[in-house]
Amino acid sequence: MPRILILGGTADARRLAARLAGRGDLSITLSLAGRTENPVAQPVPVRSGGFGGAEGLAAYLGQERISLLIDATHPYAAQISANAAAAAALAGVPILALRRPAWQAVEGDRWTPVDSAEAAVQALGTARRTVFLALGRQEIAPFEAARQHSYVVRSVDPIAPPLAVPDATYILARGPFAEDDDLALLADRGIDAIVCKNSGGGATYGKIAAARRLGIGVIMLRRPALPDVPSGKTVEQVAAMVDHVLDPAAKRGV
Ligand code: NAP
């Protein structure tokens, strides 16, 4: 059977793995970075932890006789996506990517695009605000520089140590989040600014739609540049591309 390695850590990767494994004629392994403390159950065998850069990933592709690499990581996981493209080239293995389209602002949205968490801190300004941070624990340290704000932080893993600011509360939750629930959260907590990523997809769009309804401004971290590799926008599109990309010899099992 052709062996496919999916670089994951997203709900889309999990769905793609289930979809391809369900065919019965492909051997699927899902790769996780191993950062999340309680990862959700996956529908296929999982390997966990970094590979040791592009060279390490290229070596893994060779050792495991991988016929196709699929990058289905989060759009902000730029390092692993760059490594994936480089490793595929090094190992001579075809690559596909699942690139979820970014959200586009619509009428009523009040977005301020910024390039980094540090720029988001600047965009919040000097006056005290109540800020909803929908960011991971590796990204929120710069907000310690703006101690005047009150923060509500929602993340998958605990923020440890907590932010060194006088007023921060924490919500541990994993999407999907419903728009009405996010609307209630933003209203109940008196949120007047949101800082988040442009993740795309429906699972975390609720806060964006809720912010529009409440007239709350969103400071949106811009997406990083990703390598240009053959890609689909949805699980279905990528699943449909697999047979076109797989080496015919690998498909025959030679
Ligand atoms: P990153 O900065 O692009 O990658 C840093 C390093 O982590 C990589 O060089 C690689 O280490 C390792 N790594 C990342 N993803 C991996 C994977 N799927 N399998 C094996 N090793 C992986 O990544 P990140 O932004 O920290 O994201 C880490 C994971 O969380 C990814 O799986 C991503 O899909 C998921 N995630 C990220 C975000 C986000 O906002 N960044 C949001 C939701 C989920 P080596 O160089 O040693 O191979």
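This structure is a prediction, so every number in the text was calculated from the model and none was measured.

## Let's talk about empty space enclosed by the protein
For step 1, the next point in the chain: With the rule as written, the count across this model stands at one cavity of 30 Å³ or more.
For step 2, the next point in the chain: Counted as a void, the largest cavity has a volume near 100 Å³.
For step 3, the next point in the chain: If you trace the largest cavity, you find it lined by Thr10, Asp12, Ala72, Thr73, His74, Pro75, Leu98, Arg99, Arg100, Arg223 and Leu226.
For step 4, the next point in the chain: Looking at the lining of the largest cavity, its residues break down into four nonpolar, three polar and four charged.

## Quick look at the site of the ligand
For step 1, the next point in the chain: Every one of the 24 residues lining the ligand counts as a neighbour, but Gly8, Ser31, Arg35, Phe51 and Lys197 are closest to it.
For step 2, the next point in the chain: Taking Gly52, its main chain carries an N or O atom lying 2.9 Å from an oxygen atom of the ligand.
For step 3, the next point in the chain: Side-chain polar atom of Asn83 to an oxygen atom of the ligand: 3.2 Å apart, as the coordinates give it.
For step 4, the next point in the chain: Contact with the protein chains removes 77% of the 800 Å² of surface that the ligand exposes when unbound.
For step 5, the next point in the chain: Looking at the shell around the ligand, the elements that each hand over two or more residues are β2 (27-32) and α3 (78-91).
For step 6, the next point in the chain: For the shell around the ligand, the leading source of residues is α3, giving four residues.
For step 7, the next point in the chain: Of the residues belonging to the shell around the ligand, the class tally is seven nonpolar, 13 polar and four charged.
For step 8, the next point in the chain: Two domains share the shell around the ligand, each providing at least three of its residues, namely domain 1 (3-101 + 226-252) and domain 2 (111-221).

## Things to note about the packing of helix α1 (residues 11-21) against helix α7 (residues 235-245)
For step 1, the next point in the chain: The N-to-C vectors of α1 and α7 enclose an angle of 40°; their axes lie 10 Å apart at closest approach. With respect to α7, the element α1 is oriented oblique. Considering how the two elements wind past one another, α1 and α7 form a crossing that is right-handed. Between α1 and α7, the residues in contact are Asp12, Arg15, Leu16, Arg19 and Leu20 and Val235, Glu236, Val238, Ala239 and Val242, respectively.
For step 2, the next point in the chain: Each residue belonging to the contact of α1 with α7 can be placed in one class, and the counts come to six nonpolar, no polar and four charged.

## Some points on the domain arrangement of the chain
Accessible area lost when the parts come together is the quantity often used to give the size of an interface.
For step 1, the next point in the chain: The domain architecture assigned to the chain consists of domain 1 (3-101 + 226-252) and domain 2 (111-221).
For step 2, the next point in the chain: Measuring from the centre of the C-alpha atoms in domain 1 to the corresponding centre in domain 2 gives 30 Å.
For step 3, the next point in the chain: Opposite the eleven residues of domain 1 that make contact, domain 2 presents twelve residues.
For step 4, the next point in the chain: Here domain 1 meets domain 2 over a buried area of about 870 Å², counting both sides, of which 42% is carbon and sulfur.
For step 5, the next point in the chain: Contact with domain 2 buries area across many residues of domain 1, yet Arg35, Glu37 and Tyr76 alone supply 52% of it, more than any other trio.
For step 6, the next point in the chain: The tally of links between domain 1 and domain 2 comes to one salt bridge.
For step 7, the next point in the chain: The partner of Arg137 in a salt bridge is Glu37, and the shortest N-O contact between them spans 3.5 Å.

About the cut-offs
Here the residue index of a chain counts from 1 through its sequence in written order. Confidence filtering applies because this is a predicted model: local features only for residues at pLDDT of at least 70, side-chain atom pairs given and counted only at 80 or more, and all residues used for totals across whole chains, interfaces and linings. To obtain the side-chain values, all non-hydrogen atoms of the structure were used and water was disregarded. The way it works is a 1 Å grid over only the protein atoms, where trapped points that fit a 1.4 Å probe form a cavity and open points with protein on both sides within 12 Å along at least five of seven lines form a pocket, and then any residue with an atom within 4 Å of a point lines it. Grid points are joined across faces, edges and corners, and a volume is the space filled by probe spheres set on the points. Gly falls in the polar group here, along with every residue not listed as nonpolar (Ala, Val, Leu, Ile, Met, Phe, Trp, Tyr, Cys, Pro) or charged (Asp, Glu, Lys, Arg). For this purpose, a residue is taken to be near a molecule or strand whenever a single non-hydrogen atom of the residue falls within 4 Å of it. Any pair of nitrogen or oxygen atoms within 3.5 Å is treated as a polar contact; in protein, a donor-acceptor pairing is required on top of that, and neighbouring residues in sequence qualify only through side-chain atoms on both sides. All accessibility values rest on the Shrake-Rupley procedure with a 1.4 Å probe; residue burial counts only the protein chains present in the view. Strands here are runs of E lasting at least two residues and helices are runs of H or I lasting at least four, both read from the DSSP assignment and numbered beginning at the N terminus. For the domains described, the bounds stem from an automatic or database domain assignment. Working convention: axes come from line fits to C-alpha atoms, limited for helices to the stretch in contact. Angles between N-to-C directions cover 0 to 180 degrees. Any angle between 65 and 115 degrees counts as roughly perpendicular, while under 35 counts as roughly parallel, over 145 as roughly antiparallel, and the rest as oblique. Helix crossings fall into two classes, left-handed where the near helix is turned counterclockwise from the far one by less than a right angle and right-handed where it is turned clockwise. In this analysis, two residues are considered to be in contact whenever any of their non-hydrogen atoms come within 4.5 Å of each other. When two parts are put together, the accessible area they lose, computed with a 1.4 Å probe and summed over both, is reported as buried area. Salt bridge, as applied in this entry: a Lys or Arg side-chain nitrogen positioned within 4 Å of an Asp or Glu carboxyl oxygen.

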